[in-house]
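Listed below are the residues making up each chain.
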Amino acid sequence: MKRIHEYKKLFGVEKEIELQPLKKAYRNLVKEWHPDKFQAGDERQEEAEIQSRRIIDGYHFLVSMAPETKEKNLPEYKNTITNSAIADYRHKGMLLEITFTDGATYEYFGVTKPVYQKMINAGNLNRFAKRSIYPKYTYRKSKRILQEA
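Here is what the cut-offs are and how they apply
Along each chain, numbering runs from 1 in the same order as the chain's sequence is written. Given that this is a predicted model, residues contribute local features only at a pLDDT of at least 70 and side-chain atom pairs are listed and counted only at 80 or more, while totals for whole chains, interfaces and linings are drawn from all residues. Note that water and hydrogens are dropped before the side-chain values are worked out from all heavy atoms of the structure. Cavity: a set of points on a 1 Å grid over the protein atoms alone where a 1.4 Å probe fits but cannot get out. Pocket: an open set with protein on both sides within 12 Å along at least five of seven lines, its lining residues, like those of a cavity, having an atom within 4 Å of a point. Grid points are joined across faces, edges and corners, and a volume is the space filled by probe spheres set on the points. Secondary structure follows DSSP: runs of H or I at least 4 residues long count as helices, runs of E at least 2 residues long count as strands, and numbering of each begins at the N terminus. Under the scheme applied, nonpolar residues are Ala, Val, Leu, Ile, Met, Phe, Trp, Tyr, Cys and Pro; charged residues are Asp, Glu, Lys and Arg; polar residues are all the others, including Gly. Here the term buried applies to any residue with accessible area under 20% of the maximum for its type, exposed to any over 50%, and partly exposed to those in between, with areas from a 1.4 Å probe on protein chains only. It is the directions from the helix axis to the C-beta atoms whose arc is reported. The contact criterion used throughout is that any non-hydrogen atoms of two residues lie within 4.5 Å. Any two of the Phe, Tyr and Trp rings considered here, Trp counted by its six-membered ring, make a pair once their centres fall within 6.5 Å; the pair's planes then place it as stacked at under 30 degrees, edge-to-face at over 60, or tilted in between.

A. The layout of surface pockets, seen in detail. Approximately 340 Å³ is the volume attributed to the largest pocket. Around the largest pocket, the lining comprises 18 residues; the ones closest to its centre are His60, Ser64, Arg140, Lys141 and Lys143. Taken together, the elements giving at least two residues each to the lining of the largest pocket come down to helix H1 (2-11), helix H3 (43-65), helix H4 (67-83) and strand E4 (138-141). The computed volume of the second largest pocket comes to approximately 200 Å³. Lining the second largest pocket are eleven residues, with Ile4, Lys8, Ile17, Met65 and Thr138 positioned closest to its centre. For the lining of the second largest pocket, the elements supplying multiple residues, two or more each, are H1 and H4. Considering each element in turn, the lining of the second largest pocket owes the most residues, three residues, to H1. Among the residues making up the lining of the second largest pocket, the classes are represented as five nonpolar, two polar and four charged.

Below, the structure is given as C-alpha cells:
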C-alpha cells in the first residue's frame, strides 16, 4: 500500500487512477527529469537518472492498476483464478504475491499477516483465496513468471 500511495503522490493522482491524466503527468515529469537535460558533470544528472527510473517504474506500476487496464485484462484474470491452482505464494509486509499453475503471477495489496496465516492454515488454499483474497484486495498482474524446473 505504501508503494501505491508513493507513486500516486509522485504523479499527483488523488483517488482513482485514470490513464489520460496519468499519461500527461508522466510526460511532464519525464521532461523535467530527463537525464539528457543536464550537462555531463552536473550534480543533478545522477539525481535525474534515479528520478527518471522512479518515474518510469511508477508509471508502469500505476497503469497496471488502472481500472481501464483491469477491465481489459479481466477475462484473463477470471480464467486464471477460476481454472488454475496456486503454484506458489509469498507474503512480505502487506503484499501477497501468488503464482498460478498457468504461469501468471498477481500481487494483492493490503493483505495482513493474520489473513495470510488463515490462508496458509486453510484446508483448501484455492478455496480460501477465492473467497477471501481475490474479491477483497486490490491486485495487479506482476511481470514475474513461473519458472519451470
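B. Expanded view of helix H5 (residues 113-121). Inspection of H5 places Val115, Tyr116 and Met119 among the buried residues, and these make up the whole buried set. Along the axis of H5, the buried residues cluster in a sector spanning 100°; they form a single face. Away from its buried face, by an angle of more than 90 degrees, H5 presents the exposed residues Lys113, Pro114, Lys118 and Asn121. Elements in contact with the buried residues of H5: strand E1 (86-92), strand E2 (95-100) and helix H6 (125-132).

C. The arrangement of the environment of Ala85 in detail. Among the structural elements, Ala85 can be located in the loop between H4 and E1. Judged by its relative accessible area of 30%, Ala85 falls in the partly exposed class. Remark: the alpha-carbon pair of Ala85 and Phe100, spanning 15 residues in sequence, is separated by 5.6 Å. With near-sequence residues (within four places) excluded, Ala85 lies in contact with Thr99, Phe100, Thr101 and Asn126.

D. Inspection of the packing of aromatic side chains at higher detail. Inspection of every chain in the model, using the stated rule, returns eleven aromatic pairs. Between Phe61 and Phe109 the ring centres are 5.7 Å apart and the planes differ by 85°, which places this aromatic pair in the edge-to-face class. With a gap of 48 residues between them, Phe61 in helix H3 and Phe109 in strand E3 (residues 105-109) connect regions that are remote in the sequence. The two residues Phe61 and Phe109 agree in class, both being buried. Note on Tyr77 and Tyr106: the rings are 4.9 Å apart at their centroids and 70° apart in plane angle, and the pair reads as edge-to-face. Within this pair, whereas Tyr77 is found in helix H4, its partner Tyr106 is found in strand E3, the two being separated by 29 residues in sequence. Owing to a relative accessible area of 5%, Tyr77 belongs among the buried residues under this scheme. Through successive ring pairs, a cluster of aromatic residues spans Tyr77, Phe100, Tyr106, Tyr108, Tyr134 and Tyr139.

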